[in-house]
Amino acid sequence: MTANATLCLATVEFLSKHAPFDTMRAEDLTFIAKRLALAYYPEGHIVLEPEMGAPAYFYIVQRGAIRVDGATSGPSQDTHALLEEGECFPIGAASGDRPTVNRYTAAEDTFCYQLASADFHRLLQQSSEFNRFCTAYLATLLGQTHLNMQQSFQQKALEQQGMAASLSRLIRREPITCPPDTSLAEAFTAMHAARAGSMVITEAGVPIGILTQSDLLPRVLLPNTPLDTPISQVMTPSPFTLSEHATAYDATLAMATRGIRHVLAVDGAGRLRGVISERDLFAMQRVGLRELRQRIEHATDLANLVQAGQDLRQLSYNLLAQGLGPEQLTQFVSAMNDCIVRQVIALTLPKHDLHDIQWCWLAFGSEGREEQTFSTDQDNGLVYLSERPDDEIKPTLLAFAAEVVAGLDQCGFPLCQGHIMASNPDLTLSLEAWQRKFSHWISSPDPKALLAATIFFDLRPLAGDESLAQRLTKHLLQHVSSNTMFQHMLAGNALSSHVPLGLVRDFVTETHQGQSGWLDLKKSGARLFVDPARVLALAHGVAATNTLSRLEQAAPKSGIHPDVLHAMLDAFRFIQLLRLRLQQEPHTEKSRANLLRVDELNPLERRMLKESLQQARRLQSHLKTRYSL
Amino acid sequence: MSTWLKKLAFWRTPSVQLTAIQQDRLARWQALPRAADWEQPFGSARLDIVDVESSGLNLRKDSLIAIGAVSLDRLLLQPTAAFEVVLRQETVSSHENILIHGISGNIQRNGHEPVEALLDFLEFNGKRPLVAYHAFFDEAMLARAMRQYLGFQYQAPWLDLAWLLPALFPEHYGGPVGLDTWLKRFGITVFARHNAISDCLATAQLTRIAIERARKKGIYHAQGLAALENAKRRASRL
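To keep things clear, this report deals only with the structure shown in the data block.

Rules and cut-offs
Residues numbered from 1 in each chain as written. Chains lettered and ligands numbered in written order. Predicted model: local features only at pLDDT ≥ 70, side-chain atom pairs only at ≥ 80, totals over all residues. Helix = DSSP H or I, 4+ residues; strand = E, 2+ residues; numbered from the N terminus. Buried ≥ 20, exposed ≤ 12 C-beta atoms within 10 Å, placed from the backbone. Contact = placed C-beta atoms within 7 Å. Nonpolar A, V, L, I, M, F, W, Y, C, P; charged D, E, K, R; others polar. Pairing = 2+ DSSP bridges. Axes fitted to C-alpha atoms, helices over the stretch in contact; angles between N-to-C directions. Parallel < 35°, antiparallel > 145°, perpendicular 65-115°, else oblique. Expected span 1.5 Å × (residues − 1). Arc of directions from axis to C-beta. Core = buried A, V, L, I, M, F, W, Y, C linked by C-beta atoms within 7 Å. Domains from an automatic or database assignment. Left-handed = near helix turned anticlockwise from the far one by under 90°.

## With respect to the overall build of chain B
Secondary structure assignment for chain B yields 10 helices and five strands. In chain B, buried positions account for 42% of the 238 residues. Contacts in chain B between residues at least 24 apart in sequence constitute 69% of all its contacts with a sequence separation of at least 6.

## What to know about the overall build of chain A
Within chain A, the regular secondary structure consists of 25 helices and 22 strands. Counting only residues that meet the buried cut, chain A has 42% of its 629 residues in that class. In chain A, the share of contacts with a sequence separation of at least 24, taken over all contacts with a separation of at least 6, comes to 72%.

## Let's talk about the environment of Arg195 of chain A
Residues and elements named next belong to chain A. Topologically, Arg195 is positioned in the loop between helix H9 (184–194) and strand S10 (198–203). For Arg195, a count of 11 C-beta atoms within 10 Å gives the class exposed. The sequence separation of Arg195 and Ile176 amounts to 19 residues, and the corresponding C-alpha distance is 9.6 Å.

## Section: the interface of chain A and chain B
The interface is formed by 27 residues belonging to chain A together with 24 residues belonging to chain B. Only helix H1 (5–15), helix H2 (26–35), strand S1 (37–41) and H9 of chain A provide two or more residues apiece to the side of chain A that touches chain B. Partitioning the side of chain A that touches chain B into residue classes produces 16 nonpolar, six polar and five charged.

## Comments concerning the sheet that holds strand S13 (residues 241–243) of chain A
Whether parallel or antiparallel, the strands of a sheet pair through hydrogen bonds between backbone atoms. All names here are of chain A. As summarised here, the arrangement of the three strands in space is S13-S14-S15, forming an open sheet in which the pairing is mixed. The sheet is open, and its two borders are formed by S13 and strand S15 (272–277), each paired with just one other strand. Adjacent strand axes in the sheet meet at a mean angle of 35° when their direction is disregarded. Sheet topology note: the S13/strand S14 (residues 262–266) ladder contains three bridges and is parallel. Bridging across to S14, Leu242 finds its partner in Ala265.

## Observations concerning the packing of helix H7 (residues 161–168) of chain B against helix H10 (residues 222–237) of chain B
Residues and elements named next belong to chain B. Relative orientation of the contacting elements H7 and H10 amounts to 85°, with a least axis distance of 9 Å. Judged by the inter-axis angle, H7 sits roughly perpendicular to H10. Along the contact surface, H7 presents Trp163, Leu164, Pro166 and Ala167, while H10 presents Leu225, Leu228, Glu229, Lys232 and Arg233. Looking at the contact of H7 with H10 residue by residue, the class counts come to six nonpolar, no polar and three charged.

## Brief notes about the pairing of strand S8 (residues 110–116) of chain A
Residues and elements named next belong to chain A. Most of S8 is tucked away, with six of its seven residues classed as buried. Two elements, S1 and S8, share five bridges in a ladder whose sense is antiparallel. Bridge pairing in S8 places Tyr40 opposite Phe111. When strand S3 (residues 57–63) meets S8, the two strands line up antiparallel, connected through six bridges. Bridging from a neighbouring strand, Tyr57 pairs with Ala116 of S8.

## Observations regarding helix H18 (residues 431–443) of chain A
Residues and elements named next belong to chain A. Given a rise of 1.5 Å per residue, 13 residues ought to cover 18 Å, and the 18 Å separating the end C-alpha atoms of H18 matches this to within 8%. All of the buried residues along H18 are Leu431, Trp434, Phe438, Trp441 and Ile442. Buried residues of H18, viewed axially, fall in a sector of 100°; they line one side. Among the exposed residues of H18, those pointing more than 90 degrees away from its buried face are Glu432, His440 and Ser443. Looking at the buried positions of H18, the neighbouring elements they touch are strand S17 (380–385), strand S18 (428–430), helix H19 (447–456), helix H20 (466–481) and helix H21 (484–495).

## Focus: the nonpolar core
Membership of the largest hydrophobic core comes to 127 residues, with the highest contact counts inside it found for Tyr59 of chain A together with Ile49, Val70 and Leu118 of chain B. Take this core: its biggest share by element is 11 residues, from helix H9 (residues 196–216) of chain B. No fewer than three residues from each of domain 1 (5–129) and domain 2 (167–283) of chain A sit in this core. If we ignore the near neighbours within four places in the chain, the residues touching Val70 of chain B are Leu7 of chain A together with Ile49, Leu77, Ala82, Ile197, Cys200, Leu201 and Ala204 of chain B.

## Structural notes on unusual backbone geometry
Cis peptide bonds are those with omega within 30 degrees of zero, and the linkage from Ala19 of chain A to Pro20 of chain A qualifies with -5°. With an omega of -15°, the peptide bond between Phe89 of chain A and Pro90 of chain A qualifies as cis. Considering the arrangement of structural elements, one finds Pro90 of chain A in the loop between strand S6 (88–89) and helix H3 (91–96). Of note in this structure, Asn224 of chain A is not a glycine but carries a positive phi near 60°. Along the polypeptide, Asn224 of chain A turns up in the loop between helix H10 (213–221) and strand S12 (236–237). Classification of Asn224 of chain A as exposed rests on a count of 6 C-beta atoms within 10 Å. Even without being glycine, His134 of chain B reaches a positive phi, approximately 55°. For His134 of chain B, the location among the structural elements is in the loop between strand S4 (130–132) and helix H6 (135–150).

## Re the environment of Val85 of chain B
Residues and elements named next belong to chain B. As for its placement among the helices and strands, Val85 is situated in strand S3 (residues 76–86). C-beta crowding within 10 Å serves as the criterion here: with 19 such atoms nearby, Val85 is assigned to the partly exposed category. For Val85 and Val52, which are 33 residues apart along the polypeptide, the C-alpha to C-alpha distance reads 9.7 Å.

## Points about the pairing of strand S2 (residues 64–73) of chain B
Residue and element names in this part refer to chain B. Across the 10 residues that make up S2, a large majority, nine, are buried. When strand S1 (residues 46–54) meets S2, the two strands line up antiparallel, connected through nine bridges. Of the residues in S2, the one forming a bridge with Arg46 is Asp73. Strand direction decides the pairing type here: S2 and S3, joined by seven bridges, are antiparallel. From the neighbouring strand, Ala69 faces S3, where its bridge partner is Phe83. Taking the residues that link successive antiparallel strands as the turn, the S2-S3 hairpin has two residues, and the phi of Arg74 there is positive, at about 50°.

## A closer look at the packing of helix H22 (residues 522–539) of chain A against helix H23 (residues 547–558) of chain A
Residue and element names in this part refer to chain A. Running from N to C, H22 and H23 point in directions that differ by 50°, and their axes come no closer than 9 Å. Judged on the interaxial angle alone, H23 and H22 are oblique. Remark: the crossing between H22 and H23 carries left-handed chirality. Each of Phe529, Val530, Ala533, Arg534, Leu536 and Ala537 in H22 lies in contact with H23, whose residues at this interface are Thr547, Arg550, Leu551, Gln553, Ala554 and Ser558. Counted by class, the contact of H22 with H23 contains seven nonpolar, three polar and two charged residues.

## Let's talk about helix H5 (residues 114–125) of chain B
Residues and elements named next belong to chain B. Helix length check: H5, at 12 residues, gives a terminal C-alpha distance of 17 Å against a target of 16 Å (1.5 Å per residue), a fit within 8%. What H5 keeps buried is the set Pro114, Val115, Ala117, Leu118, Leu119, Phe121, Leu122 and Asn125. Here the buried face of H5 lies against helix H2 (20–31), S1, S2, S3, S4 and H6. One or two residues past the end of H5 sits Gly126, with phi positive at roughly 60°.

## Points about the environment of Gly105 of chain B
Residue and element names in this part refer to chain B. For Gly105, the position within the fold is in helix H4 (residues 105–109). Since 13 C-beta atoms lie within 10 Å of it, Gly105 is described here as partly exposed. Each C-alpha atom, one on Gly105 and one on Ser94, is 8.9 Å from the other, the two residues being 11 residues apart in sequence.

## Observations concerning the sheet that holds strand S20 (residues 510–512) of chain A
Residue and element names in this part refer to chain A. Pairing within the open sheet is antiparallel, and its three strands lie in the order S20-S21-S22. If you trace the sheet from one side to the other, it starts and ends with S20 and strand S22 (595–597), each paired once. The sheet shows a mean angle of 60° between the axes of neighbouring strands, direction not considered. Where S20 meets strand S21 (residues 515–520), two bridges bridge the pair, whose relative direction is antiparallel. Among the inter-strand pairings, His512 is bridged to a residue of S21, identified as Gln515.

Structure, rendered in structure tokens:
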């Protein structure tokens, strides 16, 4: 069917009053106008939410307003924004074909134009103005991840979704109800309209029955029940109810033991307050951050910790799926991993006599930088200080370290292939021996020393006496900042990784198992930021180990403009996000954990990845200039 | 035959001969059962919102110039679900009239052959619910044209928003008011007022809002709206 010219004209006229459509070519506007359908949402209607999956439509507000609520914060918090006439949503989710992070609710009676997802992607390809608009929007979003962290990554927000939350907090909308004499046709129409999975039959507000979608087949369709049958004849009478003050845990338990999918929350007088479905409980994390933390800290044996380690991985996947930013997520994973490491150490410590030894458990590499992704090996070591002779205490320390390392392995931190673990006698050393080792690497920077620098110079104390680690770091910074030769070599080493961009700015991919088109997001991605950041931090005496912190603190001293710095930080974040997403995919084998198929990116992500790699190139040329390489 | 008898005969038989194909098309429409869209829940039904333009407001003398229709299809307004036609006029309407709907003399003279235009409209609508604002006017203009060109008594049930809106939103207005009053009340802007399609688009948005209120009141289909409209009309007569 062809589109009506007058209707299109009316739509074009509306669009051309609003950005980005006001700058778009006439043919692109016509393209949109021919495909936009106008839908209506009464006040309070949820247009989109994370549970709905990847959005089928891209929306433009025609009249009215849409309230945007952050998913991790309740509607009562003031993190919401209002989208008004001419504004569009959800740009990020539509371009990424991913569920939205936010919930979009009609703030008043609202008309929205909707564009089918496939048409949205065609528009992205054919209109450079529209593409630019979406890219710019996403870039700002990335820039905001830092802010999001303070706002949304708070224990409180996650706790709200814990099992202790009361049902009244889980109720997401007014329940759909009808009186018992309602015909099935009317009931189904209402359920369909409200996209509700269940209909509650009430009398004076008190639930007397329920009919759910799963009842339709056996009770209505198969027995050929006429649609004018009163709903009371097919409903499940006396549905299971819980007080609205009962907890999510109670509801989960009831569903599990009774084999039901819906629990009705009622008030003191037995009146219906809302329907809690199995889906509502699934959408919530099964384990919240604080509970997990408590479970780790109260674990009395390794078995408990192993379970906590598994839950941690599950929780991280959930959080990533719910759109938690890469920075928050890696920090969250790091924080929880730290917690597990400390608890393994605490459980192991009583079995070993270390009472007259000062010791500190060190994390190296990505763990030291707090940039762990899901598949990270152990990288650890021990530094100690004691009056007693070395050969007397070292066996004790090594035995202790070996047990911790084995415990960590059980908790899901695989053993390091390169033996960078405290159980290795070369990595359980006195403070003095460590300092000597560091000085040696700095004064004679052969390739082996430079490789060691990329692991061990990113050290962070995890347990024990932190002052030992601080003294080691201080020693490191003093020696590197006064040794320009070493800096020079380290910079040269950092530049040996090539930015995988060709002359015409397309990707230079590699072949993996006979298949071309792969990009290694660790080697040709994250490392392009991690290595230069280390050089700049060490040269400027910055003690931080986290790449973002290193860049932030070293940039002003290194003459990097704040705007440039922010672009670089965003670029690194984006690459980390891609890595996390990649590793979250279930089929990923370990050898491929960082390999991305460039073809699988959508056009927008391609653009952003290119832009991110451009920033890596910028960082590299900064190093080149600085060290005349 | 006396003049009045001739006149009567004119009302009974078509003044124009339909081709075999045209007769067949008309017969097929007439044989259609009433569309299920009347009883289906709004979420799965199609309602056609209609607006006509004429040479004036005199139901006996004035002629039908244009028909516009926009469908509210499963509660969505889609640019592809619309109907628009200008009927060819032997005599172009008055200058003042043209100023109202903006259909110039040229367009009127080059319009669609009326028989075809009317058959197209019948086929577009099937026998789905028709909605208009002050429906009696659209209904009468269409019926007059159908009688003149197709030679049959066009009878279709209509939903009239002029009655439905005060029945659904008594808090705003108790009885029929002008269309513009309702548009203003709900903040609906009209792209080009008195263009049949554009008026339909605005009226369709009103219809959508009305349906939402109707559902809240337990009315789930077009037939329910018809009953409500009748009740409102009866009540106003008391």
